[in-house]
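Notes for the structure review
Listed here are the chains, written in short residue letters.
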Amino acid sequence: MATGRVDLDGNPIKPVTICMIGAGGFIGSHLCEKLLEVTPHKVLAVDVYNDKIKHLLEPSSLWGDRIQFHRLNIKNDSRLEGLIRMADLVSILAFLALISAFLFDFGGDLCSITTVNLAAICTPADYNTRPLDTIYSNFIDALPVVKYCSENGKRLIHFSTCEVYGKTIGYFLPKDSPLRQDPDYYLLKEDASPCIFGPIEKQRWSYACAKQLIERLIYAEGAENGLEFTIVRPFNWIGPRMDFIPGIDGPSEGVPRVLACFSNNLLRREPLKLVDGGEAQRTFVYIKDAIEAVLLMIENPARANGHIFNVGNPSNEVTVRQLAEMMTQVYTKVSGEPPVDTPTIDISSQEFYGEGYDDSDKRIPDMTIINRQLGWNPKTSLWDLLESTLTYQHRTYAEAVKKATSKPVAS
């Protein structure tokens, strides 16, 4: 743990207590690690699962006195407000992990309590097939956290999503229009880009709408009641411990996000399924790079308060088909196994996700605001982040998948 830390303006950083809601998930586990390794801050880790942070909670760990795990369901647990009152900062990361037993997936100055909110349903298959749960977990269940932070003068860091942007302006232009290549028609800016969603019957947008509405509520609390907040819009954060592998550490019928879906296919030596031909374009950022950005937000409230930040890597833009091809190459390298004869197959979004699915064409973040306010830029290339992630996936899951898929020998 570093001592004598200073913020970006040269001011000493005082230790704080962080109430991290959703600490047991993918982002939360990496954020806990970073806070304990390089800062003097304390963490009140709130979740219903702690599998991904067990190594931090062991009595023999170096930081057992700086992290406390509180197993609770924020949907109906009266202890939540008490924990927020105990903190200096609150972070909301992932609500679904706190209200479901089946799916996996932080005001004042820095010396006041801070909440980091990392809680939400965040897989596209659920947006489409469980729209009510999606809306409740991402909006209704978030309301008490925002209310407690506002009433108790606690700073809030809320994790939203790049999905709030919806479709790009360029999506509505003719496919042969040269304007589709103009950044003004596809680059997503926190303070300028419109949020364009599909029709109501396309329930895939339930997640984006719920996330946008909680953003607007937080912003209104700041404007009317003085809530000190920062909103994070992640653009496909990738790395070890992301999501789950169906049938191994998640439900057999579960559909995780694209990288975990492809990892599952690679581990099982199945073709990677390309929804609607894999034409959608996405950017991917390494989780360790993204956590550096979050740490800057935590320790520089004067620069971060009142801002919405895109956190992504526009240099790592690929189509989903290109991602599948790269992952196949990387997994061949890290596993030593040759690719299957048919590496990919096309599948319709209706067949894969069900009726009512819709999607955005591309999501490329503008990085002007986070670079200006916090001086942050991502560092890790797409190949390197895939190699790190797939090395972890192979080491963690290959044997378990092999056992799960092996056929018993007939007697």
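This text follows the structure it describes.
Remember, it's a predicted structure, so these values are computed and weren't measured experimentally.

1. A short note on the pairing of strand 6 (residues 155-159)
Counting buried residues in strand 6 gives five out of five residues, a clear majority hidden from the surface. Of the two faces of strand 6, the one lined by Arg155, Ile157 and Phe159 and the one lined by Leu156 and His158 are each fully buried. Examined bridge by bridge, strand 6 and strand 8 (residues 229-234) share four bridges and lie parallel to one another. Looking across to strand 8, one finds that Phe159 is bridged to Val232.

2. Regarding the nonpolar core
Grouped together as the largest cluster of nonpolar side chains are 66 residues, with contacts concentrated most on Trp237, Met297, Val311, Ile370 and Leu386. Those residues within four positions of Met297 in sequence are excluded, and the remaining contacts are Arg155, Ile157, Thr230, Val232, Ala304, Phe309, Val311, Ile370 and Leu374. Membership of the second largest hydrophobic core comes to 26 residues, among which are Leu44, Leu72, Leu80 and Ile308.

3. As for the environment of Arg257
Residue placement: Arg257 occurs in the loop between strand 9 (237-238) and helix 9 (258-267). Taking the relative accessible area as the measure of exposure, Arg257 reaches 23% and is therefore partly exposed.

4. A word on the pairing of strand 8
Among the six residues that make up strand 8, six are buried, leaving the element largely enclosed by the rest of the structure. Side chains Phe229, Ile231 and Arg233 project from strand 8 onto one buried face, and the interleaved Thr230, Val232 and Pro234 project onto a second face that is buried too. Bridge analysis of strand 8 against strand 13 (residues 307-311) gives five bridges, and the strand direction is parallel. Bridged to Ile231 within strand 13 is Ile308.

5. Quick look at the environment of His70
Here His70 shows up in strand 3 (residues 67-71). For the pair His70 and Ile21, spaced 49 residues apart in sequence, the C-alpha separation works out to 9.6 Å. The residues contacting His70, other than those within four sequence positions of it, are Leu44, Ala45, Val46, Asp47 and Leu83.

Here is what the cut-offs are and how they apply
Residues numbered from 1 in each chain as written. Predicted model: local features only at pLDDT ≥ 70, side-chain atom pairs only at ≥ 80, totals over all residues. Heavy atoms only, no water. Buried < 20%, exposed > 50% of the residue type's maximum accessible area, 1.4 Å probe, protein only. Helix = DSSP H or I, 4+ residues; strand = E, 2+ residues; numbered from the N terminus. Pairing = 2+ DSSP bridges. Core = buried A, V, L, I, M, F, W, Y, C linked by side-chain atoms within 4.5 Å. Contact = heavy atoms within 4.5 Å.

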